[in-house]
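Chain by chain, the residues run as shown.
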Amino acid sequence: MTTPLLKTKLYIPPPRPNLVPRPRLFQRLDEGLHAGRRLTLVSAPAGSGKTTLVSEWISRVSLPVAWLSLDEGDNDPARFLAYCIAALRTIETEAGIKGSSVGATARAMLQSPQLPPPESLLTALINDIADLPVSLMLVLDDYHVITAQPIHQAIAFLLDHLPQNMHLVIITRTFPPLPLSRLRGRGQMSEIRADDLRFTLDEVNEFLNRVMRLGLPSEDVVALQTRTEGWITGLQLAALALQEDQDPTRARAFIAAFTGDDRFVSDYLVAEVLQRQPEVIRHFLRQTAILDRLTASLCDAVLGSENSQAMLERLEEGNVFLIPLDRRRQWYRYHRLFAEALRSTLTQDEQMRLHQRAARWFEAHGFTGQAIRHALAHASTSGDWDDAERLIRLAAEETIFEGGVSTARGWLDTLPEKRVRADGELATYKSWVLALTGDMALAEAYASAAEALFRQTGSGKTPDVNLGKFLALRAFIALFAHQDYGKAIRLASDALRRLREDQAHWRIIALWAMAESQERTSNIAAAIATLRTARQVGRAQGSQFFAVTVALFLATALQIHGQRRQAVAVCQEAIAQYSDEAGRPSPVVGSISSQLGRLYYEANQLELARKYLDQGLALSEQLALDNSIMASLGFSAPTLYAQGETEAALQALQRAYKLALQTGLADADWYLAGEVNIRLRQGDLAFAQRWAEMAGMSPGDTPQYVHVEQHLVYARLLLALERLSDARRWLDRLERFTRERGLFRWLITTHILQALAAQQCGEHLAAREYLSQALKRAAPEDYFRAFLDEDKRVITLLPEVRHITPQFVDRLLDFAGSPGPRVGIVASPLVEPLSGRELEVLALIAAGLSNREIAQRLCIAVGTVKRHLNNIYGKLGAHSRTQAIAIARNLRLL
C-alpha cells in the first residue's frame, strides 16, 4: 500500500468573499504569464497577502493550475517530487485530458530505495508535460520552508528545461537559492515583492470600511495606513481589535498607539485579539494552533469536543485568519504568522497533550507520516518515546522502499540514539538508511547492535521476520562494503528462510545479494537460477526499479554464461514491458537497452547494436544515474570501433573511466582495460605494457571473476609481446577458471587465444582443436564478434575447421571479407520466422526501393518501415541491407 498523500496540500485556496480587488497586481501577473516568461516569483514577508493574491488571480485565469502547499516535511526529495507529480496529475481531471500518463515514469522511479537524482525524475516529468495538449501552471506555495539543496537544484533544472506549455509560480517569504539573476537578465521572470503587495490608501480604506465594516473616518484610515505601511496582516489584526470596541475615542487612542515592527505588532495584536475574544473562541484558537491543517473531526479529537465544524465556520465568517483549503470548506489552515503567535502562548504541558491527541487522530485516519510528526513532538517534551517508535516501526519500511530515505532517516535521527540501538527493528532500519546513503561504517555499527539484540531475543523455531530483514541488510553490507561473498550468501540464505512470501522487497534484496555473491564464488548457473527467482518476486511485487534491476543482472549473467539468445529475450521483454503505448521506453531501462545493444554487437548486428546503445545512453543520461551512464559508454565502445569510429570509442571509454574514478561506483579498471584493448589492436604495445606494469599483472596470478575481461586483455598483450610460454600458462589458468565457473562466453575467447598461441608455437593440431571448441560454443548463440575482434590470423584458420559449424564459419568469413571456401553451403535456420509484412518489406528492399518508397508502396509510415527493417536484421542476423538480401537468398526467402 502506498503511503497516502495529503490531498489538502494540492487544493487551490478558493477566493475569499469580500476581498479588496487588486487589479494593478493582477495586471502585473497577467503580463508575466502572457509574455512567455518561465517564472513568477511572489516574495514578501509573512502576512503580506502573497497566497491570497495568487489564489484570487488564478480564479480569473483560464488556465489549468496545479497547486502545492509546501511544509517542512517536503525537504525529502522523494516526498517533494511525489507531491509535485500528484499536483500535476490534477491537471488531467481539470483539463479533461484522457489517456494521459503525466508522471507515470517518474512515480515508478520513486519506488527505488536509492532515489535517482531529482533532475532525473524531472526529466521524465518534463517530457510528459511537454506532450500535454494544454498549457498549465504549477504553483509552489511557502517555498521558503525548503532547505534541501537537492530540491533547489532540481527546481533550477526545471527552470532551465521548462516546457513551453508550462509556467512556474513560486510563493515565498525569502528569495530562494535559484538562478534568479540569470532569469532576470534574460527577461524570463516576473516578480511581485513586498512593496508591490503593500495596500495603497484606497485599498486600506476599502478593507477597513467595506470588508471589515468599521466606518472609520479618513484621518484614522490614513493613520493606520501610515502605521502599518500597508501590511495587510497588521491591518487585519488591528481591524479585529477595533471590531471589539466601537467607541471612537478608544479606537483613536488604539490607532495612535499602534507602533513597532512586524513581529512586535503581531505579538501585541494577537494578544489583544485573544483577550477580546469570548473564552470559547480563545480556547479553540490556542488548542488547535499546533495543527498545520484543520478539519472538524481532527479539531474535535484535539479539543475533546463536538462542535468544531460550527466553530470553524464562525471563524471563517469572522475573518479570523482562517484560510479554507478546499471548495467544500472541510479543511482549513491558520495564517502562518497567526498560528506561530498562538503556539507561543501554549505551555509545554498543553503542547504535549495536544500533539499526542493529534497523533492518535492521524494514525486512526491512515496518515502515519503526520502521526509520527506529532508523536515525535509529544515525545520530545514528555520523554515518552513509545508511540513514536511504534509508528516509525509501522512506516519506516514502506517509506524507505518508496524512496523516502531522507524522511525515514529524519525520524530515526530524532529518536534518542540509545533507544534506537536498543531496538533490533529500529536499529535495522537505521542501518539500512545509512547504508543507502553511503555511510557504511555507521551502518555497520547499527547492524552490530541489531545483531546482538536478535541473538539475545531469538524466537526459537518460529521464523522471525525482523531478523530476516536484518540478515538481508547484513548480506547487502557484506557484499558491497566488504566483498565477503561467502558471508553474504550465508546471510542471504538465512534471511530467505525467515522472510515471509509477502515481504517482496526484502526477499529481492536477499536474492540479489546472493546472486551477486554466487557469480563471484561458484558456477554462474547458480546465480542465474537465483536471479530468475528474484525476477519472479519482482514481477509480483510490481516495482519498476526492482524488476528492471533484476532483469539487467539476469541478462548480464546469461550473456557471461554463453546464453546470448536468452539474454536478448530478457532485455526485449523488459524494454517492451516498460514502454508506453507509443513504444517509447521508460528511462529506467537505459542500462538494459545498452545491454541489448551489446548483445546485438556480439552477433555482429552493428546497426541494431548502435540503435540500442545510443538509446541506452540517452535514457541513462536522462536519469543522470552514473552507473548506467558508465555502462552505456563502456558497452558502446566496441561497436564504435567496429564501425571505424576509433576516436569516438576511445573518448567513450575515457569519459566512463573518469566518471568511475570520480564516483567510486564502478571498477574503473574495466574501462581502462577497454582502452588498452583498442590500443593493442592499433599496435600500441607501450601503452598496454605500462597498464600491465601499473596493475602489477603476472602470469602467476589467480584469476578473479570481476577481472576476467582484464585478464583476457593481459593475455592478448602477452601474445603480442611473443611471451608465448607465459601466455599459454596464463590462458590455461583462465580456461580452468572459466570452465569451472560456467563463464562460457569468456571461455570462447580463451579458446580462441589458446588457438593463436598454439599456432604461434607451431602446434597446428592443437590450434585447430582449440578453435573447434570455441566454434562449438559460439555457433549456437551467434558469437561472431568473439572471432572478428581477435587477431586476423584467426580468420585464416577458420576454413580448416569449417566442418565443425559450416554455416557459422561461412557467415564469419563473409563478415571478415575473406574469400574462403564455400563447399555445400546450407542456409542457417531463422531464430524466428519473418512475418508476412516483413517478407513484403524484404522483397521491396531487394528490388532496390528506399524506405520512403517502401512506405508509399505499402501505405505505412517511414518509421514503421524502419522498425520492420530492424526486426528483419535481427531475425536474419544481418547488419545491412546487402547482407540481409544475401542471407535471405541463401534461405530461399527471395
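About the criteria used
Residues numbered from 1 in each chain as written. Predicted model: local features only at pLDDT ≥ 70, side-chain atom pairs only at ≥ 80, totals over all residues. Heavy atoms only, no water. Helix = DSSP H or I, 4+ residues; strand = E, 2+ residues; numbered from the N terminus. Buried < 20%, exposed > 50% of the residue type's maximum accessible area, 1.4 Å probe, protein only. Contact = heavy atoms within 4.5 Å. Areas by Shrake-Rupley, 256 points an atom, 1.4 Å probe, with all protein chains shown as cover. Lys, Arg positive; Asp, Glu negative; His and termini not counted. Charge placed at Lys NZ, Arg CZ, Asp CG, Glu CD. Pairing = 2+ DSSP bridges. Patch = residues over 30% accessible without salt bridge, like charges linked within 9 Å, V, L, I, M, F, W, Y side chains within 5 Å. Salt bridge = Lys/Arg side-chain N within 4 Å of Asp/Glu carboxyl O. Phe/Tyr/Trp six-rings, centres within 6.5 Å; stacked < 30°, edge-to-face > 60°. Arc of directions from axis to C-beta. Expected span 1.5 Å × (residues − 1). Axes fitted to C-alpha atoms, helices over the stretch in contact; angles between N-to-C directions. Parallel < 35°, antiparallel > 145°, perpendicular 65-115°, else oblique. Left-handed = near helix turned anticlockwise from the far one by under 90°. Polar contact = N/O pair within 3.5 Å; in protein donor to acceptor, adjacent residues only side chain to side chain.

## Describing the overall build of the protein
Then step 1. Of regular secondary structure, the protein possesses 47 helices and eight strands.
Then step 2. In terms of overall dimensions, the protein has a C-alpha envelope of 120 × 75 × 50 Å along the principal axes.
Then step 3. Across the 894 residues that make up the protein, the buried fraction comes to 56%.
Then step 4. Counting contacts in the protein only where the partners sit at least 6 residues apart, residues at least 24 apart contribute 68% of the total.
Then step 5. Put simply, the protein shows about 37000 Å² of open surface, and 50% of that area lies on carbon and sulfur atoms.
Then step 6. Here the protein contributes 100 positive and 100 negative side-chain charges, whose respective centroids are spaced 4 Å apart.

## Remarks on the sheet that holds strand β7 (residues 322-324)
Through backbone hydrogen bonds, the strands of a sheet pair up, either in parallel or in antiparallel fashion.
Then step 1. Strand order across the open sheet formed by three strands is β6-β8-β7, with antiparallel pairing between neighbours. Of all strands in the sheet, those with a lone pairing partner are β6 (294-295) and β7, marking the two edges.
Then step 2. Pairing analysis gives three bridges linking β7 to strand β8 (residues 331-334), with the strands arranged antiparallel. Within β8, the residue paired with Pro 324 across the bridge is Tyr 332.

## Comments concerning the environment of His 803
Then step 1. Inspection of the secondary structure assignment puts His 803 in the loop between α42 (793-797) and α43 (806-816).
Then step 2. By relative accessible area, His 803 is classed as exposed at 53%.
Then step 3. Along the backbone, His 803 and Ser 772 are 31 residues apart, and their C-alpha atoms lie at a distance of 9.3 Å.

## Here we look at a nonpolar patch on the surface
Then step 1. Together, Leu 839, Leu 893 and Leu 894 line one region of the surface with nonpolar side chains, adding up to about 210 Å² of accessible area.
Then step 2. Turning to its location among the elements, Leu 894 is positioned in the segment after α47 (881-890).

## Details of the pattern of salt bridges
Then step 1. According to the stated counting rule, one finds 53 salt bridges in the structure shown.
Then step 2. With its nearest N and O atoms 3.3 Å apart, the salt bridge here joins Arg 598 to Glu 709. Here Arg 598, found in helix α31 (residues 590-602), pairs with Glu 709, found in helix α37 (residues 708-720); they are 111 residues apart in sequence, far enough to count as distant.
Then step 3. The exposure class of Glu 709 is partly exposed, given its relative accessible area of 26%.
Then step 4. Taken together, the salt bridges that share partners define one network made up of Asp 386, Glu 389, Arg 393, Arg 419 and Asp 423.

## Examining the packing of aromatic side chains
Then step 1. In the structure shown here, the tally under the stated rule is 17 aromatic pairs.
Then step 2. Ring geometry for Trp 432 against Phe 476: centres 5.0 Å apart, planes inclined by 75°, an arrangement best described as edge-to-face. One end of the pair, Trp 432, is in helix α23 (residues 424-436); the other, Phe 476, is in helix α25 (residues 465-482), with 44 residues separating them in the sequence. The two residues Trp 432 and Phe 476 agree in class, both being buried.
Then step 3. Through pairs of rings, three or more aromatic residues link up here, namely Trp 432, Phe 476, Phe 480, Trp 506, Trp 512 and Phe 553.

## Structural notes on the environment of Ala 540
Then step 1. Along the chain, Ala 540 turns up in helix α28 (residues 524-541).
Then step 2. Each C-alpha atom, one on Ala 540 and one on Asp 502, is 9.5 Å from the other, the two residues being 38 residues apart in sequence.

## Quick look at helix α10 (residues 218-228)
Note that an α-helix has 3.6 residues per turn; residues three or four places apart therefore point the same way.
Then step 1. The set of residues buried in α10 consists of Asp 220, Val 221, Ala 223, Leu 224 and Thr 228. For α10, the angular spread of buried residues about the axis comes to 160°, placing them on one side.
Then step 2. The inward-facing, buried residues of α10 contact α9 (201-211), α11 (232-243) and α12 (248-256).
Then step 3. The first or second residue beyond α10 is Glu 229, which carries a positive phi of 55°.

## Things to note about helix α27 (residues 504-521)
Then step 1. The end-to-end C-alpha distance of α27 is 25 Å, a good match for the 26 Å that 18 residues give at a rise of 1.5 Å each.
Then step 2. Within α27, 16 of the 18 residues are buried, which leaves the element mostly enclosed by the surrounding structure.

## Regarding the packing of α11 against α12
Then step 1. Direction vectors running N to C along α11 and α12 enclose 155°, while the axes themselves pass 10 Å from each other. Relative to α12, the element α11 is oriented roughly antiparallel. By crossing handedness, the relation of α11 to α12 is classed as right-handed. When α11 is examined against α12, the residues Ala 238, Ala 241 and Leu 242 are found in contact with a partner set consisting of Ala 251, Phe 254 and Ile 255.

## Structural notes on the pairing of strand β2 (residues 65-69)
Then step 1. Burial within β2 is extensive, with five of its five residues counted as buried.
Then step 2. Burial along β2 is two-sided: Val 65, Trp 67 and Ser 69 facing one way and Ala 66 and Leu 68 facing the other are all buried.
Then step 3. Where β2 and strand β3 (residues 136-141) come together, five bridges link them in parallel fashion. Looking at the pairing, Trp 67 lines up with Val 139 of β3.

## So, the side chain of Gln 754
Then step 1. Within the secondary structure layout, Gln 754 lies in helix α39 (residues 744-760).
Then step 2. Within the structure, the side chain of Gln 754 is placed 3.0 Å from the side chain of His 751, a separation counted as a polar contact.
Then step 3. Other than its neighbours up to four places away in sequence, Gln 754 contacts Leu 731, Asp 732, Glu 735 and Tyr 770.

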